[in-house]
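# Structural features, examined
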Amino acid sequence: MKITIIGTGYVGLVSGACLAELGNDVMCLDVDAGKIAQLNRGEIPIYEPGLEPLVKRNVDAGRLHFTTDVAQSVAHGQVQFIAVGTPPDQDGSADLQYVIKAARAIGRHMNDYRLVVDKSTVPVGTAAKVRAAITEELAARGKSIDFSVASNPEFLKEGAAIEDFMRPDRVVIGVADERAKQTMRAIYAPIQRNHERMIFMDIPSAELTKYAANAMLATRISFMNELANLAEELGADIEHVRQGIGSDARIGYHFLYAGCGYGGACFPKDVSALQQTARDSGMQLKIIEAVNQVNESQKVRLLDKITRRFGDDLTGKRFAVWGLAFKPNTDDMREAPSQLIVPGIIKRGGTVVAYDPVSIPQARKTFAALPAVTFSASPRDALEGADCLVIVTEWKEFRSPDFDEIKRRLRTPVIIDGRNLYEPAMVRSYGLEYFGIGRP
């Protein structure tokens, strides 16, 4: 099948490469000429495990192409996936300008049937706006051409996106006609051999499902973070509580880890967009409003622990920070807790030496205006002469460190762990002070 992907950001590039891997002839369109030139040179603009060889293999096989030519891309694919960004607007709603621009471009250039699929995360009602935009462009050309619109939200986790695409828990598809349904069934048939993964529904339900899923996961995180803060006051251990409630099959263990808050391109944006969708409908989602509020306060929880241990004036204090990305296996710094923690330390007079396995190039841009931030080539080097080790991201390489070496390298033997990687008693047995989230 010939498929066009509009947008070569995280979702578009991963989806395009995976669809090509399944045997389709895929053309990826982007208006950013620099990014397309980069991709045509075999350079991947984002970090995602396994993506670079996947793209190379399918480019070499002639199944994956990149272009800035809109007319060419519309002519190429009978199926047009819109995978452009939907950044938050000033009121928190999703900004749909790029989605509508893509729809209008399809309407201006299509000459026969097209199935237009919203892959971007969009609020309920977006498919209707896409349909209206295409219809307007066709009318302006004096054309009457049949087309369909569908919703196929992505559920890709950064750091495991290829696995999520190829072996998804489910494929949610919103359609309004049989032709669109059968076309989407054909696209995803190769991943159906083991068991049925496709869930067909009406388009508004598919659009809402994406927001509902991310809001539920964000809610679980904020719920556990509030319980962790309470556990500290009560002398309880949130890890024991997590095991106690997670063993209940109705609850499960996923997304029950307390820490220093969530970040990234999805949860903060989607929770805010869902709130605005509700406000536009005359409703208030009280639980969802609390989820974001709790998360923002949780991001500075480590700063509170730092100032309680070292005082409000951190002048002359040096802090080793392990982890800058919002989660492991990505270089994504968007809404990362480190974006509040690092400047917070510096604002109080401290200095930061940071290490992250992959996000340092992004971090240099993010913290370019903060000369008190330097970067280390290894986690060990970051420790040298520091007054405290602050753990912000739970990379695997941080999970089994040499605690004797940590103590030797630190000027003051203190660990403040924002991801509860270690058992408090074990760490303290090495003569280190240890502060976790919701730990005794």
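Refer to the preceding data block for the structure.
Residues numbered from 1 in each chain as written. Predicted model: local features only at pLDDT ≥ 70, side-chain atom pairs only at ≥ 80, totals over all residues. Heavy atoms only, no water.

## Re the packing of helix H13 (residues 301–310) against helix H14 (residues 338–347)
Packed helices, taken two at a time, are described by the angle their axes make and the gap between the axes. Just so we agree on the cut-off: Fitted lines through C-alpha atoms give the axes, limited to the stretch in contact for helices. The angle between two N-to-C directions lies from 0 to 180 degrees. Note on conventions: DSSP H or I runs of at least 4 residues are helices, E runs of at least 2 residues are strands, and numbering of each starts at the N terminus. Each angle gets one of four labels, with under 35 degrees taken as roughly parallel, over 145 as roughly antiparallel, 65 to 115 as roughly perpendicular, and the rest as oblique. Crossings are assigned a handedness: left-handed for a near helix turned anticlockwise from the far helix by less than a right angle, right-handed for a clockwise turn. Only heavy atoms matter for contacts: two residues are in contact if any of them lie within 4.5 Å across the pair. The residue classification treats Ala, Val, Leu, Ile, Met, Phe, Trp, Tyr, Cys and Pro as nonpolar and Asp, Glu, Lys and Arg as charged. All others, Gly included, are polar.
Orientation of H13 relative to H14, taken along the N-to-C sense of each, is 30 degrees, at an axis distance of 9 Å. Considering their axes alone, H13 and H14 lie roughly parallel with respect to each other. Relative to H14, H13 is oriented so that their crossing is right-handed. Contact with H13, carried on its side by Leu-302, Leu-303 and Ile-306, involves Leu-340, Ile-341, Gly-344 and Ile-345 of H14 and no other residues of that element. Grouping the amino acids of the contact of H13 with H14 by side-chain chemistry returns 6 nonpolar, 1 polar and no charged.

## A short note on the pairing of strand S2 (residues 25–29)
Convention followed: Using a 1.4 Å probe on the protein chains alone, a residue whose accessible area is under 20% of its type maximum counts as buried, one over 50% counts as exposed, and one in between counts as partly exposed. Paired strands, as defined in this entry, are two strands with at least two bridges between them according to DSSP. Whether a crossover is right-handed depends on one test, that the path from the first strand over the helix to the second runs clockwise when the strands point away from the viewer.
Counting buried positions along S2 yields 4 of 5 residues, so the element is predominantly enclosed. Pairing of strand S1 (residues 2–6) with S2 involves 5 bridges; the strand directions are parallel. Across the sheet, residue Lys-2 finds its bridge partner in S2, namely Asp-25. Since S1 and S2 lie parallel, the crossover through helix H1 (residues 10–21) that links them has a hand, and here it is right-handed. In terms of strand pairing, S2 meets strand S3 (residues 64–67) through 4 bridges, oriented parallel. Directly across from Leu-29, in S3, lies its bridge partner Thr-67.

## Quick look at the sheet that holds strand S13 (residues 414–417)
The sheet built from 6 strands is open, its strands ordered S11-S10-S9-S12-S13-S14 with parallel pairing. Both outer strands of the open sheet, strand S11 (373–375) and strand S14 (433–435), are each paired with one neighbouring strand and no more. Looking at each pair of strands side by side, their axes are set apart by 20 degrees on average, direction ignored. Sheet analysis places S13 next to S14, joined by 3 bridges and oriented parallel. Bridged to Val-414 within S14 is Glu-433. Each of strand S9 (318–322), strand S12 (388–391), S13 and S14 is contacted by H13, which is oriented at about 160 degrees to S13, the strand it contacts most.

## Looking at the nonpolar core
The condition that has to hold: Side-chain atoms within 4.5 Å link the members of a nonpolar core, which is a set of buried Ala, Val, Leu, Ile, Met, Phe, Trp, Tyr and Cys residues.
One finds Phe-81 and Tyr-188 to be the most contacted residues of the largest nonpolar core, which totals 41 residues. Here this core gets 8 residues from one element, more than from any other, and that element is H1. Setting aside residues up to four positions removed in sequence, Phe-81 forms contacts with Ile-3, Thr-4, Ile-5, Ile-6, Leu-19, Val-117, Lys-119, Asn-152, Met-184, Ile-187 and Tyr-188. In terms of nonpolar packing, the next biggest core, distinct from the first, is built from 34 residues, Ile-203, Ile-221, Leu-274 and Ile-288 among them.

## Description of the pattern of salt bridges
Short version of the rule: For this analysis, a salt bridge means a side-chain nitrogen from Lys or Arg found within 4 Å of a carboxyl oxygen belonging to Asp or Glu.
Across all of its chains, the model carries 29 salt bridges by this definition. Put simply, Asp-164 and Lys-157 hold a salt bridge, and the shortest N to O gap is 2.9 Å. Exposure remark for Asp-164: the relative accessible area of 13% places this residue in the buried category. Relative accessible area serves as the criterion here: at 40%, Lys-157 is assigned to the partly exposed category. When the shortest N-O distance is used, the salt bridge between Glu-296 and Lys-299 registers 3.4 Å. With a gap of 3 residues between them, Glu-296 and Lys-299 both fall in helix H12 (residues 286–299), about one helical turn apart. On the basis of relative accessible area, Glu-296 is assigned to the partly exposed category, the value being 38%.

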